[in-house]
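# Chains, contacts and geometry: an overview
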Amino acid sequence: MILRELSELPGVSGDEHRVRARLWEAVRDRVDGGRVDALGNLITWKGADRPGPKVMIAAHMDEIGLMITRIDKDGLLRFRKVGGIDDRVLAAKAVRVGPDGIPGVIGLKPIHLLKDNEAKKAVSHEELYIDIGAASKEEAERVVRPGMYATFATAFGELGDGLVKGKAFDDRAGCALLVELLALDFPFPVYGVFTVQEEIGLRGARVAAYDVAPGLALVLEGTTCADTPGTDPHGQSTLLGHGPAITVMDATHIPARPLVDGLVAAAESAGIPWQWKRTTFGGTDAGSIHLTRAGVPAATVSVPCRYIHSPCAFMSLRDFENTRRLLAAFLEDVPRVAERLAQGSA
Amino acid sequence: MPALYADVDRVEQLIRQLAAAYGPSGHEEPVRALLSAHVAPLADEITVDRLGNLIARIRGQGGPQARRVMLAAHMDEIGLIVTHIDDKGFLRFAPVGGLGPATLLGQRVVFADGTVGVIGAEKLEDVKDLKMERLFIDIGAGSRAAAAQRVQVGSMAVFAQEVAGSGSRLTGKALDDRSGCAVLVEVMHHLRAAAPPHEVYCVFSVQEEVGLRGARTAAYAIAPDMALAVDVTPSGDTPQGEKLNVALGGGTAIKVKDRSLISHPKVRQLLVDTAAEAGIPYQMEVLPYGGTDAGAIHLTKSGVPAGALSIPARYLHTPGEMVDLGDVAATVDLLVAVLKGPLPEMPA
Amino acid sequence: MPTEPARGAGPQHPLVPLLQALTELPGPSGREHAVGRRVADLLAPYVTDIRHDALGNCIALKQGAGPEPRPRLMLAAHMDEIGLIVTRVEEGGFLRFAPVGGVDARAVLGQEVRVHADAPLPGYVGAKPPHLLTSQERDRTIPLEDLFIDVGLPEEAARRRIPPGTFVTVHQPLTPLLGTRVAGKALDNRASVAALIEAMRLLARWHHEADVYAVATVQEEVGLRGAMVSTYRVVPDMAIAVDVGFGAAPGLPEDQVLAMGQGPAIGLGANIHPRLHGMLVRTAQQHNIPHQIEPLPGSTGTDAWAMQVVQSGVPTALVSIPARYLHTSVEVVDLEDVRHTARLLAHLAASVTAADPEGWRYDLA
């Protein structure tokens, strides 16, 4: 499955080209054309001259990660975070550095040498460093330069009852869904857009939406799933295995009601399990897309993923498949949804 | 001081009617329906755009001095959104717009279908533990199933608080910014009676409280030569209050700056000069935080000279917002006076 | 190739008068007009067209000699400075104020200021006298809202002459230090504006194919606002923002700072198009311009951040001049860094040919 390859490719915000190349390879025979814009978005289309509303379906290629900012005298690498990472997940992780994927580990002071209370304090990323085994600054400089990116070194794998694990499911899961959807044929114009720089401010989607000027937009995401011990039921944003999550509001957008209603109707009539996303924080590319030009009705559909923005996430393959089915069913309904949108603004 | 143009009784009636309507961000339909009925006879054209903004256009007389002017007041109010329904039918929620937990405890709220609820809290050891996630809405349902017949995840509620009057002052929910909406309608009455030289777009915008969203897309479509937002601003005249210059009853507030906008100097000067000349009471507003639709509008395309008139208000984002009708009238008067005359030369 | 200004020392450095002219003018965010007019005057001899837009951005064009359609390069530096704004006049004629931009409360107390009322009024930022404070109070930074400005006017005159909404800037003449360093207010970001003007002066005498836009932007300090709308107008094929970066000083994290006096920093990260970064580095190497590389994870917080996402997206780069004590009245830059920044920008602009913009965005086969 393409998700395995996509998950293992490095593609920190601003450095998405390997993911883009793999995605283009995967979709080039399924679409009429594609282009890369000034920020690095991959914009593909099929049936561009068909009647009906332009439908933009977006998934972001970038993942959270690290940037090397300095090489110390002893050959250790200092870094900063790119995107929202909890500092506490960083200590003692394996990483891959730079375009050649040089193996490294994030080191820290051994427990034996900690002073009172030090062990109880979260370690800030500023106190951590990446060790690639270089014996000196010069040796490190032969393979690494400040400005290079690093990602978690996490192998994709299957586990449990129909689950998969890996890094960057946010949002390579969405990318994999979009690849699947582009195999379908639509009676209206569809723009499949793989965006950049979502994790640092929904930036790629903003310019791609300006360029495409869609009539409506769907954003595909891998979203948080807090169904784990210690979370109150009302703090659980989504539940693993309960189907695709539909957003009613987050910090960046309130999805257009006709789209949300259309998604729910499509799920109900096809008998596909689905759930509301039950928290309102965070944001998606829909936040920038819906404010483009004179406004674009937009909605977000997500696959629940545990441990998002960490070295390894869990996802249910049944949720993935049900999300694909929901989106396919909804897309069949697009002409009717478009009618309702038109009535709404009459 | 008697109003120059504003029909104060008419504005008051409209504020009362609009403020009572349900309209949290993203669900402004009831407010839009009311406003559509009021502005239809006053405008040359009304449209609703794809985000739900209501846009009323007044053609104006035209001529060499005519400009495209955008006025904006937002229809949406702050509210709550249901995020979870528990087994016993209690509703957990998140804020829609800027709301703190202290304002909410014990309040009565109402959903779009009229379902009424009251806000309760978990048992708290310390008042400092009063956090949004420890509060819930009780709609009197005995079970999840009973609750689910009235509300679902995503349903929004607003404060249930009618407007009450006392002398020249009104208090109630959603005066932010239904009083601004009423100002725009009142201005339209006068523009209908005597057409201005300018083409005027009155925009009743959506989703201001969650990030100035509606005004942004409306401004893109209109591409105005100048824009003014009409909103409320906190006053600094309450006991041990904020160090703000604005006072209730001190006249319309001409905005200099907030977090979203530094008013265009020529727009600010136009407002000050017009008010001074016509004898309309005004005060200067410098707000160290907050934002208005003008913040989104002035960054549209290649930039739009913009400013804002604010109605001074107390207790914003609570069920007891308070405004003074004299300030409302002064806001109407200043807008009408400005739109009757020529506008300054400004680079496009 | 024409001669470039010689390396000078201290007050004799040829860039001192330019920086003096630029930094000593008041230009808080939203009130940059005086600076904008001065910039226009200074650029006029070197460009073909100058306009001021609705927000006050100063947009100058030096037309290229290449065949149409010519590539469009935009160089931008913000001309606004942080400042203060009067919120109300209190009993005794003292002025309460709020910040305009990121004002550091630690650096405001005891500053001489100019209050831009009907005339620029000298004033001083005061607070409750220290002998009336408890020792605990003395250990804390005084919050801005507890400070006031004293203009020495009686209350009635202060109320009449200084309406709320009056802008205030710090007063500090440019001070040449040892070597090629200077200290002053508003070097963030007039040092970059000076580099822009100097670059256009060099370019005026050179052959170049591209249309080069030099833009002095407004309201950067309050939200990158001028860059957003001016880029929308210019729609450049590529754009370079010039701003100041954190110059190395004790106590700053070593991976976050730039070396003083070692040339401009060329940014690297998501905000920077890799090809434009490469063009800048090659230009610096070809012309022996000292330079450093600045890794920038995520947002750069500069005009480049806003310029990149205008319309369908703009290939952007960031060039930074190292500066110390940012957002105070004693910012320090090295004039040689400013000069080398100008050279880098001018040489890059001169090297842009019609072929360059191709490939910024491309169709896939």
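Throughout, residues of each chain are indexed from 1 in the direction in which the sequence is written. For this description, chains carry letters from A and ligands carry numbers from 1, given in the order in which they are written. The predicted nature of this model means local features are confined to residues of pLDDT at least 70 and side-chain atom pairs, given and counted, to a pLDDT of 80 or more, with totals for whole chains, interfaces and linings taken over all residues.

### A look at the overall build of chain A
Runs of H or I in DSSP of at least four residues are treated as helices and runs of E of at least two as strands, each being numbered from the N terminus. The secondary structure content of chain A amounts to nine helices and 17 strands. Here the C-alpha atoms of chain A give a radius of gyration of 21 Å, agreeing with the 20 Å that 2.2 N^0.38 yields for 346 residues. When its C-alpha atoms are laid out on the principal axes, chain A stretches across 70 × 45 × 35 Å. Each residue is classed by its C-beta neighbour count within 10 Å, where at least 20 other C-beta atoms makes it buried, 12 or fewer makes it exposed, and intermediate counts make it partly exposed; the C-beta atoms are placed from backbone geometry. Among the 346 residues that make up chain A, the fraction classed as buried is 54%. Two residues qualify as a contact pair if the distance between their C-beta atoms, derived from the backbone, is within 7 Å. Sequence separation of 24 or more characterises 76% of the internal contacts of chain A that already satisfy a separation of 6 or more. The globule rule used here is 2.2 Å times the number of residues to the 0.38 power, and the radius of gyration it is set against is calculated over C-alpha atoms.

### As for the overall build of chain C
A count of helices and strands for chain C gives nine helices and 18 strands. Over its C-alpha trace chain C gives a radius of gyration of 21 Å, about what one expects of a compact globule, namely 21 Å for 365 residues. In terms of overall dimensions, chain C has C-alpha extents of about 70 × 45 × 40 Å along its principal axes. Per-residue burial over chain C gives 57% buried out of 365 residues. In chain C, of all internal contacts separated by at least 6 residues, the share reaching a separation of at least 24 is 76%.

### Things to note about the pairing of strand 14 (residues 265-268) of chain C
In regular strands, side chains alternate between the two faces of the sheet. Residues and elements named next belong to chain C. Side-chain alternation along strand 14 places Ala265 and Gly267 on one buried face and Ile266 and Leu268 on a second face that is also buried. Pairs of strands are assigned from DSSP output, requiring at least two bridges between the strands. The sheet contact formed by strand 14 and strand 15 (residues 292-295) spans four bridges and is parallel. In the strand pairing of strand 15, Ile266 is matched with Ile293. If the strands point away from the viewer and the path from the first strand over the helix to the second runs clockwise, then the crossover is right-handed. In this fold, the crossover linking strand 14 to strand 15 by way of helix 7 (residues 274-286) has right-handed handedness. In this sheet, strand 16 (residues 316-324) lies alongside strand 14 in antiparallel orientation, the contact comprising two bridges. Its bridge partner being in strand 16, Ile266 is matched across the sheet by Val319.

### Observations concerning the interface of chain A and chain B
Contacts between the two partners involve 17 residues from chain A, matched on the other side by 23 residues from chain B. Residues are grouped as follows: nonpolar covers Ala, Val, Leu, Ile, Met, Phe, Trp, Tyr, Cys and Pro; charged covers Asp, Glu, Lys and Arg; every other residue, Gly included, is treated as polar. Considered class by class, the residues forming the side of chain A that touches chain B number nine nonpolar, six polar and two charged.

### Thoughts on the confidence of the model for chain C
Residue and element names in this part refer to chain C. By definition, pLDDT measures how confident the predictor is in each residue, and it falls between 0 and 100. Predicted confidence across chain C gives a mean pLDDT of 93, with 97% of residues reaching 70 or more. Here residues 1-9 is modelled with pLDDT under 50, and outside its nearest four sequence neighbours on either side it reaches 10 contacts, counting other chains as well. Reported for the predicted complex are a pTM of 0.94 and an ipTM of 0.92.

### Section: the interface of chain A and chain C
One widely used convention gives an interface's size as the accessible area the parts lose upon coming together. Between chain A and chain C, the contact holds 29 residues from the first and 24 residues from the second. Those elements giving two or more residues to the side of chain A that touches chain C turn out to be strand 1 (33-36), strand 4 (65-71), strand 5 (77-82) and helix 5 (203-212) of chain A. Its residues assigned to classes, the side of chain A that touches chain C shows 11 nonpolar, eight polar and 10 charged. Sheet topology places strand 1 of chain A next to strand 18 (residues 362-364) of chain C; three bridges connect them, and they run antiparallel. Residue pairing in the sheet places A:Val36 in a bridge with C:Tyr362 of strand 18 of chain C.

### Quick look at the domain arrangement of chain C
All names here are of chain C. For the purposes of this description, domain bounds are those given by an automatic or database domain assignment. The assigned domain composition of chain C is domain 1 (7-81 + 185-351) and domain 2 (83-170). Distance between the C-alpha centres of domain 1 and domain 2: 32 Å. Taken together, the contact pairs 11 residues of domain 1 with 13 residues of domain 2. Class assignment for the residues of the side of domain 1 that touches domain 2 results in three nonpolar, four polar and four charged.

### A look at helix 9 (residues 335-351) of chain C
One turn of the α-helix equals 3.6 residues, which is why residues spaced by three or four share an orientation. Residue count minus one, scaled by 1.5 Å, sets the expected span of a helix. Compared with the 24 Å implied by 1.5 Å per residue over 17 residues, the 24 Å span of helix 9 of chain C between its first and last C-alpha is a close match. Of all 17 residues that make up helix 9 of chain C, 16 are buried, and the element is covered over most of its length.

### A closer look at the packing of helix 5 (residues 175-193) of chain B against helix 9 (residues 325-340) of chain B
Residues and elements named next belong to chain B. Axis angles are defined between N-to-C directions and span 0 to 180 degrees, where every axis is a line fitted to C-alpha atoms and, for a helix, only to the segment in contact. With their axes 9 Å apart at the nearest point, helix 5 and helix 9 run at an angle of 40° to one another. With respect to their mutual orientation, helix 5 and helix 9 come out oblique. As for how helix 5 packs across helix 9, the hand of that crossing is right-handed. Together, Ser179, Val183, Glu186, Val187, His190 and Leu191 of helix 5 and Val328, Thr331, Val332, Leu335, Val336 and Leu339 of helix 9 make up the contact between the two elements. Class assignment for the residues of the contact of helix 5 with helix 9 results in eight nonpolar, three polar and one charged. For this classification, under 35 degrees means roughly parallel, over 145 means roughly antiparallel, 65 to 115 means roughly perpendicular, and everything else is oblique. Each crossing gets its hand from how the near helix is turned against the far one by less than a right angle, where anticlockwise is left-handed and clockwise is right-handed.

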